[in-house]
Amino acid sequence: MSQSFKPSRRGFLRGAAASTALVAGAARSGTPDPLITEVQEWASGLGEGVDATPYGLPIEYESDVIRRNVEWLTADTISSINFTPIHALDGTITPQGCAFERHHSGAIDLRKEDYRLMINGLVDTPLVFSYADLERFPRENHVYFCECAANTGMEWAGAQLNGAQFTHGMIHNMEYTGVPLRTILAEAGLGAAGDLADKWVYVEGADASSNGRSIPMEKALDDVLVAFKANGEALRKEHGYPVRLVVPGWEGNMWVKWLRRVEVMDGPVESREETSKYTDTLEDGTSRKWTWEMDAKSVVTSPSPQAPITHGSGPLVITGLAWSGHGAITRVDVSKDGGVTWETARLAKPGEKMALTRFYLDTTWDGEEMFLQSRAMDETGYVQPTKTQLRAVRGLNSIYHNNCIQTWWVRPTGEAENVEVS
């Protein structure tokens, strides 16, 4: 009986280490490593007790893994955005403490005891729910990404911001717990609305901006969630505590935070955030609206400008994230030569609908320059386009919904820079 074996990653690393002193380091020279041969401070005494930090915090050595903003992006941080440090994360779940924020009038301080959610409009019985009321409904758990429509928006006119955190960091991916909106609408009754085919809901937040968006009834009754937990704990203040809306696969502005009202209506409100903002301006000056779904997109997070190669030539793990508002990611290709040739990456696990997918390409770097790109495909067959393909349709005046292929120029030094490949 014969068996066939594939080369193991361990064997791959051994072979690479034998071929380069940069990988082997001190082990090849035979010099004793004091971190191994000598007793270290952390092994010479007692550590902290279990009550040192009742709510655990990241260790000080990871203090650079934080949300960052771009000071000149907005006039004031009260109505602004910061960015998830996607270059420093792995896996797919975003810790709440570094998940990006977008505010229109600042994060408000609202106790759950003072929270109220009103359901009104074309319903049989207008209702008001407290936070405690919502907790009594049957709840669900789902992992979804939330992406700002302006994510990568600065890149329309060319390479602008130098770092995956800044070009693609207006996104997070969390496990949300809450009650389906359809359950709450059913409690109020939709008989008064008549034919639901042409009905909408208007959702509004409790902050001073009164941020509101219109959502077609079909979506509202599908997978929209009234959420009060994220990653197993209460929402953070900046993410809409105590209750926010989750609109899977659709632009983040529709994920209204501090949700206070859901009104059933005959048509859309055509509010500021769905007319003057969050519409796609085309080359001829006209704009198209109702482009809610986020198309398939991906980015290499490492190597990248904020995550350069520091170990020299040899084994290299290229990794990144892919997502689609139309369903699950089925494949991601990676190019090291600016799109001339492509290799299919390994998905960390099968893609999930409207959730981030982690991809890896285990390769060898010979120390030469690379033009790194990734290209995502989703279950509908959609393929992530180049910027040239997008511009052919949208021109240069757009801000929102830029899902183009991103390029990092990796120099022989291992440093990386945001560039545009034509």
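No experiment lies behind these values; they were computed from the predicted model shown.

**Points about a nonpolar patch on the surface**
Working step 1: A contiguous nonpolar patch, built from Leu35, Ile36 and Trp42 and spanning about 440 Å² of accessible area, is present on the exposed surface.
Working step 2: Considering the arrangement of structural elements, one finds isoleucine 36 in helix H4 (residues 34-37).

**Details of the sheet that holds strand S8 (residues 212-216)**
By way of backbone hydrogen bonds, the strands of a sheet pair with one another, either parallel or antiparallel.
Working step 1: What the five strands build is an open sheet, ordered S4-S3-S12-S7-S8; its pairing is mixed. The sheet terminates laterally at strand S4 (127-130) and S8, the two strands that pair on one side only. Averaged over all pairs of adjacent strands, the angle between strand axes in this sheet comes to 20 degrees, irrespective of strand direction.

**Comments concerning the environment of aspartate 266**
Working step 1: Here aspartate 266 is to be found in the loop between strand S12 (259-265) and strand S13 (280-281).
Working step 2: Dropping the residues within four chain positions of it, aspartate 266 is found in contact with Leu122, Asp198, Lys199 and Trp200.

**Let's talk about unusual backbone geometry**
Working step 1: Residue proline 242 follows tyrosine 241 across a cis peptide bond; omega there is 10 degrees.
Working step 2: Along the polypeptide, proline 242 turns up in the loop between strand S10 (233-234) and strand S11 (244-246).
Working step 3: A cis amide bond links serine 302 with the next residue in sequence, proline 303, at an omega value of 0 degrees.
Working step 4: Even without glycine at this site, tyrosine 278 takes up a positive phi of about 60 degrees.
Working step 5: Examined against the element boundaries, tyrosine 278 turns out to sit in the loop between S12 and S13.

**Some words on the confidence of the model for the protein chain**
Working step 1: Per-residue pLDDT for the protein chain has a mean of 92; in total, 93% of the residues score no lower than 70.
Working step 2: The low-confidence segment residues 1-7, where pLDDT is below 50, has zero contacts with residues more than four positions distant or belonging to other chains.
Working step 3: A low-confidence stretch, residues 12-26 stays under pLDDT 50, and its non-local contacts, those more than four residues away or across chains, total 19 contacts.

**As for the state of the cysteines**
Working step 1: Per the stated rule, a full pass over the model turns up zero disulfides.
Working step 2: Distance from the sulfur of cysteine 98, which forms no disulfide, to the nearest cysteine sulfur (cysteine 146) is 14 Å.
Working step 3: Relative accessible area serves as the criterion here: at 7%, cysteine 98 is assigned to the buried category.
Working step 4: Here cysteine 404 is not cross-linked by a disulfide; its sulfur's nearest cysteine counterpart is in cysteine 148, at 15 Å.
Working step 5: Under the relative-accessibility criterion, cysteine 404 is labelled buried at 1%.

The rules we used
For every chain, the first residue of the written sequence is number 1, and numbering continues from 1 along that sequence. In keeping with the model being predicted, local features are shown solely for residues with a pLDDT of at least 70 and side-chain atom pairs are shown and tallied solely at 80 or more, while totals for entire chains, interfaces and linings include all residues. Side-chain figures throughout are based on the complete set of non-hydrogen atoms in the structure, without hydrogens or water. Two joining distances apply to patches: 9 Å for like charges and 5 Å for nonpolar side chains (Val, Leu, Ile, Met, Phe, Trp, Tyr), and every residue must have over 30% relative accessible area and no salt bridge. Here the Shrake-Rupley method, with its probe set to 1.4 Å, supplies the accessible areas, and only the displayed protein chains count as covering residues. Salt bridges are counted wherever a side-chain nitrogen of Lys or Arg sits within 4 Å of a carboxyl oxygen of Asp or Glu. A run of H or I in DSSP counts as a helix once it spans at least four residues, and a run of E counts as a strand once it spans at least two, with each numbered from the N terminus. Pairing between strands is defined by DSSP: at least two bridges between the two strands are required. An axis is simply a line fitted to the C-alpha atoms; with a helix, the fit covers only the stretch in contact. Between two such axes, the angle follows the N-to-C directions and lies from 0 to 180 degrees. When checking whether two residues touch, look at their non-hydrogen atoms; a contact exists if any pair is within 4.5 Å. Per residue, pLDDT captures the predictor's confidence, and it can take any value from 0 to 100. Only a pair of cysteine sulfur atoms within 2.5 Å qualifies as a disulfide here. Using a 1.4 Å probe on the protein chains alone, a residue whose accessible area is under 20% of its type maximum counts as buried, one over 50% counts as exposed, and one in between counts as partly exposed.

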